[in-house]
Amino acid sequence: VQLVESGGGSVQAGDSLRLSCAASGRTYTRGWFRQAPGKEREIAAAISWRGERTYYTDSVKGRFTISRDNAKNTVYLQMNSLKPEDTAVYFCAAASKLRVGIQAVDLYDYWGQGTQVTVSS
């Protein structure tokens, strides 16, 4: 399964961006991770297979929304009220089978190539 991300870019603080990640085959739990320069990769948001469960890291709660369209094998990350500290490479991830939980990095088997999000003040 291949994951192809789109929607990154450079914006001003307070602006919005919508990331998309299309999968070439069936996947289960989906997530968005991010990695800022000099920092470890961290999960930003995750969503269960049917979309009934979501997870957000504390710093994005209330600003980011993850959603999915299983008919299109696509997951989205709507990012509002962006801040300079949201600047990072954002990676889409997907699980190949159903597993317990949705936010642990070892749940994910497939990774996208990453898309840069830059937020200037």
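Computed from a prediction, not measured in an experiment: that's the story for all the values here. (Residues numbered from 1 in each chain as written. Predicted model: local features only at pLDDT ≥ 70, side-chain atom pairs only at ≥ 80, totals over all residues. Heavy atoms only, no water.)

### Details of the state of the cysteines
Point 1. Counted according to the given criterion, the structure contains one disulfide.
Point 2. The disulfide that involves Cys 21 links it to Cys 92, with 2.0 Å between the sulfurs. Negative torsions about the S-S bond denote left-handed disulfides, and the value of about -80 degrees found for Cys 21 with Cys 92 makes this one left-handed. Here Cys 21, found in strand β3 (residues 17–23), pairs with Cys 92, found in strand β9 (residues 88–94); they are 71 residues apart in sequence, far enough to count as distant. (Disulfide = S-S within 2.5 Å. Helix = DSSP H or I, 4+ residues; strand = E, 2+ residues; numbered from the N terminus.)

### What about the pairing of β9?
Point 1. Counting buried residues along β9, six of its seven residues qualify, which places the element largely inside the surrounding structure.
Point 2. The pairing of strand β4 (residues 30–35) with β9 spans six bridges and is classified as antiparallel. Following the sheet pairing, Arg 30 is matched in β9 by Ala 94.
Point 3. Bridge count between β9 and strand β11 (residues 115–120): three bridges; the pairing is antiparallel. Paired with Tyr 90 across the bridge in β11 is Thr 115.
Point 4. The pairing of β9 with strand β10 (residues 110–111) spans two bridges and is antiparallel. Within β10, the residue paired with Ala 94 across the bridge is Tyr 110. (Buried < 20%, exposed > 50% of the residue type's maximum accessible area, 1.4 Å probe, protein only. Pairing = 2+ DSSP bridges.)

### Here's the deal with the pattern of salt bridges
Point 1. According to the stated counting rule, one finds five salt bridges in the structure shown.
Point 2. Note that Asp 86 is salt-bridged to Arg 34, the shortest N-O span being 3.0 Å. Taken together, the residues span a long stretch of sequence, with Asp 86 in the loop between β8 (74–79) and β9 and Arg 34 in strand β4 at a distance of 52 residues. Taken as a pair, Asp 86 and Arg 34 share a single burial class, namely buried.
Point 3. Three or more residues are tied together by salt bridges with common partners; here these are Arg 34, Glu 42, Arg 63 and Asp 86. (Salt bridge = Lys/Arg side-chain N within 4 Å of Asp/Glu carboxyl O.)

So, to be careful, I would describe these as geometric facts and stop short of saying anything about function.
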